[in-house]
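# Reading the structure
What follows is the residue order along each chain.
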Amino acid sequence: MRCPRCDANVNDGAARCNFCGQDLAIVQYVRRISNTYYNIGLEKAEVRDLSGAIETLKKSLQFDKRNTNARNLLGLIYYEMGETVAALSEWVLSKYMQPEGNAADYYINTVQKNQTALDATNQTIKKYNSALAAAQAGNEDLAIIQLKKVVSLNPHFVRAQQLLALLYINDKDYQKAAKCLNRARRIDFNNTTTLRYMQEVGDQTANAAGKGTTVAKKAPKKDPLANVTPVGTYKEEKRSLMPFVQIMIGIIIGIAVCFVLIRPTLQKGTGSSGDQFSDVNEQLSVQSSQISTLEKEKKSLDEQIDKLNKQIEKADSAAQKKADSYEKLLKGVQYYMANEKIKAAVAVADCKKSDFGTEEAKELYTTIGNVSETEISSLVRQGRNQMNTSSNEALKIFKQVLAVDEENQEAMFYMGRCYQNLNKNSKAEKWYEKAIAVNDTTTFASQAERYLAQLRDEQ
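Calculation notes
- Residue positions are given per chain, counted from 1 along the sequence in the order it is written.
- Where local features are concerned, this predicted model is filtered to residues with pLDDT of at least 70; where side-chain atom pairs are given and counted, the filter is 80 or more; whole-chain, interface and lining totals use all residues.
- For side-chain calculations, the full set of non-hydrogen atoms in the structure is used, while hydrogens and water are omitted.
- Aromatic pairs are defined between Phe, Tyr and Trp rings, using the six-membered ring for Trp, whenever the two ring centres lie within 6.5 Å; interplanar angles under 30 degrees are classed as stacked, those over 60 as edge-to-face, and all others as tilted.
- Helix and strand definitions here come from DSSP, where helices need a minimum of 4 consecutive H or I residues and strands a minimum of 2 consecutive E residues; each element is numbered from the N-terminal end.
- Burial here depends on accessible area, computed with a 1.4 Å probe over protein chains only, as a share of the maximum for the residue type. Under 20% is buried, over 50% is exposed, and the range in between is partly exposed.
- Whether a charge sits over a ring comes down to the Lys NZ or Arg CZ being within 6 Å of the ring centre and within 35 degrees of the ring normal.
- Nonpolar side chains (Val, Leu, Ile, Met, Phe, Trp, Tyr) are joined into patches within 5 Å and like charges within 9 Å, using only residues with over 30% relative accessible area and no salt bridge.
- With residues, only the protein chains shown are counted as cover, and all accessible areas are computed by Shrake-Rupley using a 1.4 Å probe.
- Any carboxyl oxygen of Asp or Glu within 4 Å of a side-chain nitrogen of Lys or Arg constitutes a salt bridge here.
- Neither His nor the chain ends is counted toward charge; the positive residues are Lys and Arg and the negative residues Asp and Glu.
- Throughout, a charge is located at the NZ atom of Lys, the CZ atom of Arg, the CG atom of Asp or the CD atom of Glu.
- Only heavy atoms enter the contact rule, under which two residues are in contact if any of them lie within 4.5 Å.
- Definitions used for this entry: grid spacing 1 Å over protein atoms alone; cavity, a set of points where a 1.4 Å probe fits but cannot get out; pocket, an open set with protein on both sides within 12 Å along at least 5 of 7 lines; lining residue, one with an atom within 4 Å of a point.
- Grid points are joined across faces, edges and corners, and a volume is the space filled by probe spheres set on the points.
- Each residue is assigned to one of three groups, with Ala, Val, Leu, Ile, Met, Phe, Trp, Tyr, Cys and Pro labelled nonpolar, Asp, Glu, Lys and Arg labelled charged, and all others, Gly among them, labelled polar.

For the rest of this paragraph, the subject is the packing of aromatic side chains. Taken as a whole and assessed by the stated rule, the structure comprises 12 aromatic pairs. Taken together, a centroid distance of 5.1 Å and an interplanar angle of 40° make the contact between tyrosine 128 and phenylalanine 157 tilted. Of the two residues, tyrosine 128 sits in helix H6 (residues 115–136) while phenylalanine 157 sits in the loop between helix H7 (140–153) and helix H8 (158–170), which places them 29 residues apart along the sequence. Neither residue differs from the other here; tyrosine 128 and phenylalanine 157 are each classed as buried. Residues phenylalanine 413 and tyrosine 432 carry aromatic rings whose centres are separated by 6.1 Å and whose planes lie at 40° to one another, so their mutual orientation is tilted. You can see phenylalanine 413 sitting in helix H17 (residues 409–421) and its partner tyrosine 432 sitting in helix H18 (residues 425–438), a full 19 residues away along the chain. Side by side, phenylalanine 413 and tyrosine 432 carry an identical accessibility label, which is buried. One aromatic cluster is present, formed by Phe398, Phe413, Tyr414, Tyr432, Phe444 and Tyr451 through successive ring pairs. Note that arginine 185 overlies the ring of phenylalanine 189, its terminal NZ or CZ placed 4.2 Å from the centroid.

Given below as structure tokens:
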């Protein structure tokens, strides 16, 4: 382990640091507590109390964040529950803290090699976020359709099973809700959310039986989701209620018109012609009033549909933005695991920490997005050398530098030089002016002023 005072390597069982003399008794005590919580979490995971194991392992990491065994096990539990992003976050952090001899390498490589699983994970995140937004907007039917696709892509996604069960409970379809909850409980046996929903289903079923209602028993059939395999890509098709509503309104109006035109000819009254004429006029008046009412209802329904479509589009836009952020984070993780830290930082450069909903994703974003000055300087040198052979390739490198360091004056100056070499003088002037604006007292600012004056004299 490392000494907390001088950061020197010391033996795991040492009571005092040999380099600075720091007393390590408290450190040893904290490590023992962390290992104790790890053992408890391992016992809970073995009996499939995954949610309880997560809480225990988080306590273990609170005492010792470098406990890679606890962090790796936490990642495995997240992966088992369908939380692939959280699992990768824990494994990447574990590898960062212990680069050598770490089981996280095997877990990361296993996930990374299975491109189909990564694509399925990406689709799962997008569809779950879209379903959650639709449910929050009150469009429960669309949310149920999306969640069915989510659990078909990832049957172990506990949160998706729970949300689908909750929507079924809201629709009073307790039989389907119970199936979803049973699937979730087979994965995480002691999840409090699952148990609370199961208790609600049981209470509602008992109340229905107490009121004398009978619940129809259906013949047992095979679960349609049991053998569904994840698919690669899926393009979501937006559905609209407008065609269905217009067809129904057209049918109603057609029936009303037929009733007005045909019924008077079929009726044969026994009274005088004056009475028949009066009855026909009265019927026409009633039918005209009904048609007017139906047209008003049609207009009101059209307005409601437009409002619902706008809400769905707004929810889809927010969910798509969040899904895109997670997609960029996954791409950054792949670059980071391939030891291409600059590309990883560029991949998440357009994201913000607030775009991610979990602490693990935020911590992973912070780890990937931080690039040392040494790495940036190395990339600038690489771009400067590339200028001798291809200004276009050099521009790509300098753009990567500016993506992670917007105020890098050296990269701005060389951007101007590249554009000047390509005879794009207007863009060259723009980058020279930006370089001068950063700090006008440096050597690069002086050179930028000289080249800027040269370009303006040529004009």
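Moving on, we come to a positive patch on the surface. On the surface, Lys399, Lys424, Lys427, Lys430 and Lys434 cluster together into a patch of positive charge. Among the elements that line the positive patch, the one with the most residues is H18, at three residues. As for its position among the elements, lysine 424 is in the loop between H17 and H18. According to the relative accessible area criterion, lysine 424 is partly exposed, its value standing at 38%.

A grouping of Ile247, Met248, Ile251 and Ile255 is seen on the molecular surface, where their side chains present a nonpolar patch of about 380 Å² in accessible area. With respect to the secondary-structure elements, isoleucine 247 resides in helix H11 (residues 242–266). Look at isoleucine 247 and you get exposed, because its relative accessible area is 52%.

So, on to the environment of glycine 41. Considering the arrangement of structural elements, one finds glycine 41 in helix H1 (residues 25–46). In the structure, glycine 41 is positioned 16 residues away from leucine 57 in sequence and 5.7 Å away in space, judged by C-alpha atoms. With sequence-adjacent residues up to four places away left out, glycine 41 is seen in contact with Ala53, Thr56, Leu57 and Leu73.

Counted by the stated rule, this structure contains two cavities of 30 Å³ or more. By volume, the largest cavity amounts to about 40 Å³. What lines the largest cavity is simply Leu88, Ile108, Val111, Gln112, Leu118, Leu330, Val333, Gln334 and Met337. Broken down by secondary-structure element, the contributors of at least two residues to the lining of the largest cavity are helix H5 (104–113) and helix H12 (273–337). Here the lining of the largest cavity takes four residues from H12, the largest share from any one element. Of the residues assigned to the lining of the largest cavity, the class counts are seven nonpolar, two polar and no charged.

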